[in-house]
Each structure stands twice: as C-alpha cells, then as structure tokens.
Amino acid sequence: MSAFRITGFSGLVPRLAKQLLGASQAQVATNCNLTSGDLRPINGPRLVFAPVIANDIVSMFRMEKDGNEKWLAWDKDVDVARSPVAGNTSRRFYYTGDGEPRASEYDMATAGAGPYPSGCYVLGVAQPLNPPAVMPAGGAGSTVTRSYVYTFVTQWGEESAPSPASSVTTGKDDDTWALSGMDTAPPNTGSITGAVKDIPFEGQVEITLDTVYGLRAHEKIRFASVEGMADLNGEFALVGVDPATNKVVVSLSTTQVYTAGGAWVRVARHNTSGMAKRIYRTLTTSGGAEYHYVVTVSAITTTYDDSTRDEEVALGEMLPSTTWNMPPANMKGITILANGVAAGFAGNEVLFSEPFKPYAWPTSYRQTYDQDIVAIAVTGTTLIGMTEGNPFTITGVDPVTMGGGMEKLGVAWPCMAKRGVASFAFGIGYPAPQGMVIIGTNSDIVTKNLFTQREWAELNPATFIGTSADNRYYAGYTANDSSLMFVIDKAESASFIKINQNITAIWADPATGKLYVAVDRKIYEWEGDAGAKLAYEWKSRKFITAPPVNYGAAKIDADFDMPEMEAASAQTSYDAAIAANQALITAGMMNDGLADSCLAEYEIGGDAMQDIPPLAIDSLQFQLWADGALKFTRQVRNSRAFRLPAGYKSDNVEIVLSGNVKVTGVVLAETMDGLK
C-alpha cells in the first residue's frame, strides 16, 4: 500500500527538477519560516519610523543617544561608519555616497523635524594654502635658523596637514620672531562674480567665485540669488576647480545668460566653528631638523610674535600631521577595520586613514589595483575588495605596511551589485554572475548546490539589495517586472525561500542584530510584529509512484492554537492598526480619491490605510495536484484525517499548503488505515 510523509520542511533548490527534489524540499516556498523544520508563517514587519524624504529610501541608519532613537535616510547609496574613537558619547559617524565624504554627530544630524541627517561637516580638515612670513628682530643672542608652519585644528581636535613651510630665516635666538600672512579658516560661503554657459564644454557652466579656497572637484555647492541664469540656482556637484582663476565648473545645460549677483554655500561645511591654529617651528636635534609645537591661537589670527625659548619648544610635541590629507572628494564605501583604520575607495584605489583618525588620509597609504573597485568590506583585520573582475584581500594591522598584504584572488568573480554585499561571521558575500560568492578563510561559490548559473541569472543579481542577519542572506531583487525578497540559509534546512515584499533598502543593525527594511518611504523592523503573520505558500516536490495509485486519505499535523504571547501581540497590532487608520480618516489623509496627488501610488480602490491583522491563526488550505491538474482543495481546521476524492489514479502527485498555521507534518495514503 502506497503512502508518504513530509516532515522537516525545507526550501527551494532551483537547480533540481521538481521530481528530483528531496522529500521535504519545495517547488514553491513563499513567506515561510522553515528554520526549525516546521512550516511556519513569518511575522509581519513592524513600523518603526517614517522619515521626511521625497523619494524612495535607498540607505538608512539608526541613531541612538541617551535612550533616544532617530533614523537617518537617504535616496542614494550611502555607506555609514561609526567613529572608532573611544568615548564616542556624541555618537559621531562618517558617511560617503551623498557627495563628498562627510562627518556628523547625533545632535547635529537629528536637529529639527527632518529630513535627517539635517547637518554635517565635510570629512577632514583643509590644509592652509600660504606659508607664514617670518621677520626676526630685537635680539642679541646666538645666531639660529628657523622655519615655521601652522595647521588648523577643529573643535573635535582634528588637525590638518601643515601649511607650506616659511622660508628658512636666520636671526638671534632671543629675537622676537614676527609671523604674518597666515591663512584664516577656509570659507563656507561666498559670492559669484560671473558665469558662462557651455564653457569649457557644451552642457557645462563655468562660474567665477570670490574664492575657491577649500573647494574640490566632486564636492556639492548650492547657488542662490543668481540673476539672468536662474537655472544655476540650486545644488550642484563641482566638475572642476581652478585655484589660479577662482573658477569652478558644473554640469548644466541652459540657454540663459548670467547678468549679475549670486552667492554660493557649501552643502557640507568645513568644521570652522571654534577652529584653532597650531604653530610649529624647526628645532635642530641629533636627529636633524624637526618641527615642534610652539603655541595654539585662534584660526582668525593672521599674525603672531614668537619669543619662546628653544628649551621650552624642545618639550613641545613634534608635528604629527605632515601627511594628514583630506580623503578624496569622490571616495566611497567608508568602513572601519578592527585596528581603528578607516578605509574607502575611489576608482581603482583603496584608501586608508591613520589609525583612529578617520579624518587623516595619507597619500602614501593608498593601494592601487589593476581593476576598478565596486565595493569593499571588512572581516577582522582583512579588507575584501570586490571589483569588476577578480576580488582581492588586504591584510594587516598598520596602514604603512598593509600594501604588502594585498593578494589578488585567481578567479574572475565580478561583483554585480555593491548594494548586494553582506558581512557574515565566516566572510564577505556578494552576488557574482556564477552565484553568491563568499570571500573568507575558504572562498567559494556557496550557492552552487542551489543554483546553476542560469537559475541564478533569473534572479537578476545586478538588482540585489542585500544584507546578513543570523548568518542568513536577505536580499531584495527585481526580475520580470516584479520586486520580491529571498533568504538563503546554508547552515540550516531553510535553504532558499522567497518573500512577497517589495523593498527599497535593507539594513542589519550591528548594535542590536535586528533587521530593517524600507517600504513605501517607511522603515520597518523585519518580522518585528509577532501579532501579524504573513500568509505562506509551500508546494512539495513531485512524488512519483509506480504503478499509478489513488491517494484516498490525508492528515495534517498542525497547531491551530495561538500562543498566549502571540495572541497579546495580535491584539496590540490589531488595535494599533485601527487607531492609525482612524487618525488618517480624521485628518482626511486616506488618499483614496482618483484625483488625489498620490494618483498611481495605490492600486485602484486602494488607499493609505493599513491592513487590519487577524486576531487568530486559523487559516490553512490543502491542495492536491495530480498529473498537473488540481484534484482537491480543502480548508483544514484541525488535525483530524480527511478523505481525498476517488475516481482516478496517477503516478505523480504534488501538494500545496497555504495559510498562517504552523504545520509539523503531512501524510498521504491510499486508505484511512494506511495513514497509520
């Protein structure tokens, strides 16, 4: 007598034909939680924040300080790194992808009603342009020669590279050495004196400013009050900067002609509030001439009279910031290694900062690769570089020597999606044409047992938006004009499942381990609502029998009782949805009219109101398919056996389970007795 049982439910293996799947593997596994071997629905997402943002959320980051929580959101691909400095009570962080590299803190980033971040500084400290002029006078002591430099220091204690050195000057050791001509802090605003369209190339505008000190190509500038060429009033990324002529170039196609006026302001300002200036001078020692600290003055000070004796200066700190440049304005992908070194990339260069000084990026620390870099990520003290061809690793603890640790992997595994990169305990994963690559102790295509390259390509890996949580890979993707999610889990039986969810961003919080997704410009905690269950669908393999049989009975072992905790959560979710919808109705913000401004945002007859979650988990549908045709459908309400239709025989059957009830097993047999 023929019978079969399904236990230990598992996910999809797309590379296998449906009749070759294992007894517990699936043809369809949507919205399923299979990690325990049972078939369970996944929890619904929980709304945590609705940021002020005009477009879809592409990147997000949670900020927390003194028990307060706020979210940053961007409509661009942005990378965020928390400060590695000890005692980071201000919650300082650094980010790239929204123009030039930037820095901010909780209070600055979350001021006002949004959008957040609402404030930032450009990352790094601009170097003074001009050397100080030196004039000694009034002394009668021994003859000495000196040279002077000065640096800028922000309120955060960040120090710039030094100014050009003054001329080597001879005087008396007890002279008063008068310094003059020192720069003040770089400006954040200024005026426009001219603009010419289609210069230097068609579709560009050349703009003359009062000064370009502190401006670089790729930085963002906002122009306002321009007369004649009103198209220039707005925010632009600088294409080029010419310090010799005080001219900048932006991309803009316009037929308008500049007539007068205009002002400019940096989008990411220099951190000049309370900025100071440190002065250093040479001191001859057994090791040669060294610059030693003399004094700190305000950044607005342009002159200083130095009468400090050499004996006192010898006790001062040596100039530390000789090579401390700002990071390139087009740097992306900022991340922090375990040794406190920040890393980023631009083109085919990997860039490193001084340890625990994410504002200081010596040029000598840069490492060049022979292919353009798509993304970088860190595991321990190893940096993984994902490129348009072969990946590479850089290992080390000191940025001075990390170049010797670069290793090019001998396989062409191009990274197809920067946003699809994820960090696991065992390495860094990313989508390549061949499948999901893991670079770590053992580098391999970890999905080769799940997908051939053809099935993998059907997921359109170039569209992946991915991250990891609990060492599972969660990703959104777009294929065949639809957007869904999937989960890959190589460690447990839930190998591959799909989820009916269209997300625009996904992020795993390293501080809490929680997973968050962005949907319709709102941020949700993934599976955060234990009281709401998403309806699942699970379709078995094709079971083959010889000879053909008629399965006449079935039994489903399932749990139709909602646990007390889940029942309480369901009631809370139900009440919250009712209250939120009532608030929309009261405020007249249902967006349910065809003439509303949100036309095409919702389906016909739809509106902005939330779905009301059920107060019970009691939905379970069973379907029996034979020879590719639906033979039987039943709403199952308990775990008692039930009869299946007679009148046919088939050598192949499939079953489909859908609903929100936890199922632990299914058995089919030719007779009721056979179920035993």
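The structure under discussion appears in the preceding block.
Within every chain, residues take consecutive numbers counted from 1 along the sequence as written. The model is predicted, so local features are restricted to residues of pLDDT at least 70 and side-chain atom pairs to those at 80 or more, both for listing and for counting; the totals for chains, interfaces and linings are taken over all residues. The side-chain figures draw on all heavy atoms in the structure; neither hydrogens nor water molecules are used.

Peer 1: Honestly, the overall build of the protein chain in this entry has me stumped. Any pointers?
Peer 2: Note on conventions: DSSP H or I runs of at least 4 residues are helices, E runs of at least 2 residues are strands, and numbering of each starts at the N terminus. Per the secondary structure count, the protein chain includes four helices and 52 strands. Classification of the 676 residues of the protein chain by burial places 49% in the buried group. Considering only residue pairs separated by 6 or more positions, the protein chain has 62% of its internal contacts joining residues 24 or more positions apart. If you sum the accessible surface of the protein chain, you get close to 29300 Å²; carbon and sulfur atoms cover 50% of it. Side-chain charges of the protein chain comprise 53 positive and 72 negative groups, with the mean position of each set lying 7 Å from the other. Throughout this description, buried means an accessible area under 20% of the type-specific maximum (1.4 Å probe, protein chains only), exposed means over 50%, and partly exposed covers the range between. Residue contacts are defined here by distance: any two heavy atoms, one from each residue, within 4.5 Å place the two residues in contact. To measure how exposed things are, a 1.4 Å probe is used in the Shrake-Rupley method; for residues, cover is taken only from the protein chains shown. Positive: Lys, Arg. Negative: Asp, Glu. His and the chain ends are not part of the count. Charged side chains are reduced to one point each, which is NZ for Lys, CZ for Arg, CG for Asp and CD for Glu.

Peer 1: Explain the pattern of salt bridges here, please?
Peer 2: Note that side chains of opposite charge can pair when their charged atoms are close. One side-chain nitrogen of Lys or Arg within 4 Å of one carboxyl oxygen of Asp or Glu is enough to make a salt bridge. The final tally for this structure, using the stated rule, is 36 salt bridges. The salt bridge partner of Glu-69 is Arg-62, with a shortest N-O separation of 3.3 Å. Residue Glu-69 is classed as partly exposed on the basis of its relative accessible area of 40%. Of the residues examined, Arg-62 reaches a relative accessible area of 10% and is grouped as buried. Where Asp-673 meets Lys-676, a salt bridge forms, and the shortest distance between an N and an O atom there is 3.9 Å. The exposure class of Asp-673 is exposed, given its relative accessible area of 57%. The exposure class assigned to Lys-676 is exposed, which follows from its relative accessible area of 84%.

Peer 1: Sorry, what's going on with the side chain of Asn-550 here?
Peer 2: Turning to its location among the elements, Asn-550 is positioned in the loop between strand 46 (543-549) and strand 47 (553-559). Judged by relative accessible area, which is 14%, Asn-550 ranks as buried. Pairs of N or O atoms within 3.5 Å make up the polar contacts considered here, provided that, within protein, one atom can donate a hydrogen while the other can accept it, and that residues adjacent in sequence are counted only when both atoms are side-chain atoms. Within polar-contact distance, the side chain of Asn-550 engages the backbone oxygen of Tyr-648 at 3.0 Å. If we ignore the near neighbours within four places in the chain, the residues touching Asn-550 are Pro-645, Ala-646, Tyr-648, Lys-649 and Glu-670.

Peer 1: Would you mind showing me how to read the sheet that holds strand 26 (residues 332-336) here?
Peer 2: Across a sheet, strands are paired by hydrogen bonds formed along the backbone, either parallel or antiparallel in direction. Spatially, four strands are ordered 26-27-28-29 in an open sheet, and the strand pairing comes out antiparallel. In the strand order of this sheet, the two ends are held by strand 26 and strand 29 (367-368), each with one partner. Two strands are counted as paired when DSSP detects at least two bridges linking them. The sheet contact formed by strand 27 (residues 342-346) and strand 28 (residues 349-352) spans four bridges and is antiparallel. When the bridges of strand 28 are listed, Phe-345 appears paired with Val-350.

Peer 1: Got a minute to help me understand the pairing of strand 44 (residues 522-533) in this structure?
Peer 2: Both faces of the sheet carry side chains from a regular strand, because those side chains alternate between them. Of the pairings in the sheet, the one linking strand 5 (residues 43-49) to strand 44 comprises five bridges and is antiparallel in character. Bridging across to strand 44, Leu-47 finds its partner in Tyr-524. Both strand 43 (residues 515-519) and strand 44 contribute to a ladder of four bridges, which runs antiparallel. Among the inter-strand pairings, Val-517 is bridged to a residue of strand 44, identified as Tyr-524. Adjacent in sequence and paired antiparallel, strand 43 and strand 44 are bridged by two residues, among which Asp-520 carries a positive phi angle near 50°.

Peer 1: Looking at this model, I keep getting lost on the sheet that holds strand 25 (residues 304-306). Mind explaining?
Peer 2: If you trace the three strands from one edge of the open sheet to the other, you get 12-16-25, paired in antiparallel fashion. Both edges of this open sheet fall to strand 12 (133-137) and strand 25, since each of them pairs with a single strand only. For this sheet, the mean angle separating the axes of adjacent strands, direction not counted, is 25°. Sheet analysis places strand 12 next to strand 16 (residues 176-180), joined by five bridges and oriented antiparallel. Considered in strand 16, the bridge of Met-135 is made with Ala-178. Fitted lines through C-alpha atoms serve as axes, helices being fitted only where they are in contact, and the angles separating the N-to-C directions of these axes extend from 0 to 180 degrees.

Peer 1: Help me out: how do you make sense of the nonpolar core in this one?
Peer 2: It is characteristic of soluble globular proteins that their nonpolar side chains tend to be buried jointly. In this text, buried Ala, Val, Leu, Ile, Met, Phe, Trp, Tyr and Cys residues form a nonpolar core when linked through side-chain atoms within 4.5 Å. Ranked by size, the top nonpolar core spans 69 residues in total, and within it Ile-556, Phe-622, Val-663 and Leu-668 carry the most contacts. By residue number, the principal contributor to this core is strand 39 (residues 472-479), which donates five residues. Excluding residues within four positions of it along the chain, Val-663 makes contact with Phe-9, Asp-38, Leu-39, Tyr-536, Ile-556, Asp-557, Ala-558, Leu-620 and Leu-657. Ranked by size, the runner-up nonpolar core spans 25 residues in total, among them Trp-74, Tyr-106, Ala-126 and Trp-507.

Peer 1: I keep staring at the pairing of strand 42 (residues 505-508) and nothing clicks. Help me out?
Peer 2: Here strand 42 shows no split at all, with Ala-505 and Trp-507 on one side and Ile-506 and Ala-508 on the other all buried. Judged from the four bridges that link them, strand 42 and strand 43 form a sheet pairing that is antiparallel. Across the sheet, Trp-507 pairs through a bridge with Tyr-516, a residue of strand 43. Turn length for the strand 42-strand 43 hairpin, with the two strands adjacent in sequence and antiparallel, is six residues, and the turn residue Gly-513 shows positive phi of about 80°.

Peer 1: Please explain the packing of aromatic side chains as it appears in this structure.
Peer 2: Any pair of aromatic rings gets described here by the distance separating the centres and the angle formed by the planes. In summary, the pairing rule links any two rings of Phe, Tyr or Trp, Trp by its six-membered ring, whose centres are within 6.5 Å, and it sorts them by plane angle into stacked for under 30 degrees, edge-to-face for over 60 and tilted for everything else. Going through the model one piece at a time under the given rule, you end up with 29 aromatic pairs. Relative to Phe-392, the ring of Tyr-369 has its centre 4.3 Å away and its plane inclined at 35°; by these criteria the two rings are tilted. Of this pair, Tyr-369 sits in the loop between strand 29 and strand 30 (373-379) while Phe-392 sits in strand 32 (residues 392-395), placing them 23 residues apart in sequence. The lysine or arginine in question, Arg-541, covers the ring of Phe-543, its NZ or CZ lying 5.2 Å from the ring centre. In this scheme, the term charge over a ring applies when either NZ of a lysine or CZ of an arginine sits within 6 Å of the ring centre and within 35 degrees of the ring normal. A cation over a ring is seen here: Lys-631 above Tyr-648, with NZ or CZ 4.9 Å from the ring centre.

Peer 1: What's the story with the layout of surface pockets in this structure? I'm lost.
Peer 2: If you roll a probe as big as a water molecule over the atoms, it shows you where there is empty space left. Think of a 1 Å grid over the protein atoms and nothing else: a 1.4 Å probe that fits but is trapped marks a cavity, an open set flanked by protein within 12 Å on at least five of seven lines marks a pocket, and residues with an atom within 4 Å of a point count as lining. Grid points are joined across faces, edges and corners, and a volume is the space filled by probe spheres set on the points. Empty space within the second largest pocket amounts to approximately 1200 Å³. In this structure, the second largest pocket is lined by 37 residues; those nearest its centre are Asp-79, Val-80, Thr-467, Trp-507 and Ala-508. Of all elements in the fold, only strand 6 (59-65), strand 8 (79-82), strand 26, strand 30, strand 34 (422-424), strand 38 (465-469) and strand 42 reach the threshold of two or more residues within the lining of the second largest pocket. The element that contributes the greatest number of residues to the lining of the second largest pocket is strand 38, accounting for five residues. In the scheme used here, Gly and all other residues not listed as nonpolar or charged are polar, with Ala, Val, Leu, Ile, Met, Phe, Trp, Tyr, Cys and Pro taken as nonpolar and Asp, Glu, Lys and Arg as charged. Split into classes, the residues belonging to the lining of the second largest pocket amount to 22 nonpolar, eight polar and seven charged.

Peer 1: Looking at this structure, how should I read unusual backbone geometry?
Peer 2: Across residues other than glycine, the phi torsion is negative in most instances, and most of the peptide bonds are trans. The amide bond that connects Tyr-116 to the next residue, Pro-117, takes the cis arrangement and shows omega of 5°. Structurally, Pro-117 can be placed in the loop between helix 1 (106-109) and strand 11 (121-122). With an omega of 0°, the peptide bond running from Ile-199 to Pro-200 counts as cis. Of note in the backbone geometry, Asp-198 takes a positive phi value of approximately 55° without being a glycine.

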